[in-house]
Amino acid sequence: MNRLLAVLFFVLAIVCANPLFGKEYVVKKVIDGDTIQLESGETVRYIGIDAPELYSKEGGSEFFSKEAARFNKKLVFLKKVKLEFDTEKQDSHGRMLAYVFVKNMFVNAELVKLGYAKVMIKPPNTKYKDVLLAQQKKAIDEVRGLWQEKRQDTETSYIGNKRTYSLHRPSCSYVKKIPDKSRITFRSRSDAIKIGYTPCRYCKP
């Protein structure tokens, strides 16, 4: 009897952890290429990816942002989605952080695979890091979507933080705060972005 109960608890744990068997939510609004709003009013930011900004602080929209928002809408708008969470459930803006699924489709990965978003690694939420990076490699190799944009390097090298996966110009004030063991040097901006590093919002490499 005890063995049967143990098996049942094991199966139950798998079911609860698997988004394909979890609670369903309806998407009532698509905010941009990586953010949605549910019928409940809650906002969900997709974990592990970063789509181009529709409204940047400098004004205007980033390259391929409108296409990313349209494709995200095609994937999830007014559809039932299931959410899978990682270590952190919310970001500093109070948005839910989640991996999003429509039936058997992993939406985060689909956006990356087709070039509508880049991988953005933010520890400790790294459950699907390898899956997303593999999809990104395909998009880069096939020059899909946002990878069609050609940007010239303005520095001879760039400094990354291996703990936070952030990327900086060598002159950035944040570089001084990076411990030697966490510091990594990149020859180009694209080399860092390809493996999930996110450009610093302060020095904008």
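Computed from a predicted model, the values in this text were never measured in an experiment.

1. Quick notes on the layout of surface pockets
Taken as a whole, the second largest pocket spans an internal volume of roughly 360 Å³. Per-element tally for the lining of the second largest pocket: the top contributor is helix α5 (residues 189–194), with four residues. Classifying every residue of the lining of the second largest pocket gives five nonpolar, one polar and seven charged.

2. Here we look at the sheet that holds strand β11 (residues 183–186)
On the basis of which strands lie adjacent, the open sheet formed by four strands has the order β11-β9-β10-β12 and mixed pairing. Edge positions in the sheet fall to β11 and β12 (198–199), since each of these pairs with one other strand and no more. Examined bridge by bridge, strand β10 (residues 166–168) and β12 share two bridges and lie parallel to one another. Counted as the bridge partner of S166 is T198 from β12.

3. Focus: the nonpolar core
Counting residues in hydrophobic clusters, the biggest one holds 46 residues, and the most contacted among them are L38, V76, V81, L83 and L111. Top contributing element to this core by residue count: strand β6 (residues 96–102), with seven residues. Beyond its immediate chain neighbours, meaning those up to four positions away, V81 contacts K23, E24, Y25, V27, L38, V76, V100, F101 and V102. Of all hydrophobic cores here, the second largest spans six residues; its members include I159, V175, C200 and C203.

4. Concerning the pairing of strand β1 (residues 24–32)
Across three bridges, β1 lies against strand β5 (residues 80–84) in antiparallel orientation. Bridging across to β5, E24 finds its partner in K82. In this structure, β1 lies alongside strand β2 (residues 35–38), joined through four bridges in antiparallel fashion. In the sheet register, V30 faces β2, and the bridge partner there is I36.

Thresholds applied
For every chain, the first residue of its written sequence is number 1, and the numbers climb from 1 along that sequence. Only residues with pLDDT of at least 70 are given local features in this predicted model, and only at 80 or more are side-chain atom pairs given and counted; all residues enter the totals for whole chains, interfaces and linings. Hydrogen atoms and water are omitted, and side-chain values are computed over all heavy atoms in the structure. Cavities and pockets are defined on a 1 Å grid built over the protein atoms alone: a cavity is a set of grid points where a 1.4 Å probe fits but cannot escape, while a pocket is an open set with protein on both sides within 12 Å along at least five of seven lines, and lining residues are those with an atom within 4 Å of any such point. Grid points are joined across faces, edges and corners, and a volume is the space filled by probe spheres set on the points. Only DSSP runs of H or I reaching four residues or more are called helices, and only runs of E reaching two or more are called strands; each is numbered from the N terminus. Three residue categories are used. Nonpolar comprises Ala, Val, Leu, Ile, Met, Phe, Trp, Tyr, Cys and Pro, charged comprises Asp, Glu, Lys and Arg, and polar comprises the others, including Gly. In this description, strands pair whenever DSSP reports at least two bridges between them. In these notes, a set of buried Ala, Val, Leu, Ile, Met, Phe, Trp, Tyr and Cys residues joined through side-chain atoms within 4.5 Å is what counts as a nonpolar core. Note on classification: 1.4 Å probe, protein chains only; a residue is buried when its accessible area is under 20% of the maximum for its type, exposed when over 50%, partly exposed between these limits. Any two residues whose heavy atoms approach within 4.5 Å are treated as being in contact.

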